[in-house]
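Residues per chain, in single letters:
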Amino acid sequence: MCVKYGVEIMLGSDAHREEDVGDFTRTEKILKEVDFPEELIVNRSLSYVKNRLRV
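Because the structure is a prediction, the values reported are computed rather than measured.

Caption draft 1: Representation of the pattern of salt bridges in the model. Scanning the model with the defined rule gives 3 salt bridges in all. R17 is the partner of E19 in a salt bridge, and the nearest nitrogen-oxygen pair spans 3.4 Å. The shortest N-O distance in the salt bridge between R17 and D20 comes to 3.0 Å. Judged by its relative accessible area of 47%, R17 falls in the partly exposed class. The exposure class of D20 is partly exposed, given its relative accessible area of 25%. Members of the salt-bridge network, linked through shared partners, are R17, E19 and D20.

Caption draft 2: Examining a nonpolar patch on the surface more closely. A grouping of M1, Y5 and V7 is seen on the molecular surface, where their side chains present a nonpolar patch of about 370 Å² in accessible area. Relative to the assigned elements, M1 resides in the segment before helix 1 (2-5). A relative accessible area of 70% places M1 in the exposed class.

What counts as what
Along each chain, the written sequence defines residue order, and numbers are assigned to residues from 1. A pLDDT threshold of at least 70 governs which residues receive local features in this predicted model, and a stricter bar of 80 or more applies before side-chain atom pairs are shown or counted, although totals over entire chains, interfaces and linings include all residues. Excluding hydrogens and water, the side-chain values take into account all heavy atoms of the structure. A pair is scored as a salt bridge if a Lys or Arg side-chain nitrogen falls within 4 Å of a carboxyl oxygen belonging to Asp or Glu. Any residue under 20% of the maximum accessible area for its type is buried, any over 50% is exposed, and the rest in between are partly exposed; the area is computed with a 1.4 Å probe on protein chains only. Here a patch means residues that are over 30% exposed by relative accessible area and free of salt bridges, tied together within 9 Å if like-charged and within 5 Å if nonpolar (Val, Leu, Ile, Met, Phe, Trp, Tyr). Residue exposure ignores everything except the shown protein chains as possible cover, and the areas themselves are Shrake-Rupley values with a 1.4 Å probe. The secondary structure listing takes helices from DSSP runs of H or I that are at least 4 residues long and strands from runs of E that are at least 2 residues long, numbered from the N terminus.

Right, dumping it as structure tokens:
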């Protein structure tokens, strides 16, 4: 639905171990499998996030 309507998403990690914080390996695999466009991922880069926040 996000792709259909052009809705952006933000990746997050729900980690139970500190070494897993920020590990998006599984999420990236799923997004690749469903051909999710990178341009709809808000936190795809720090510069893009800063631009969106106008920092």
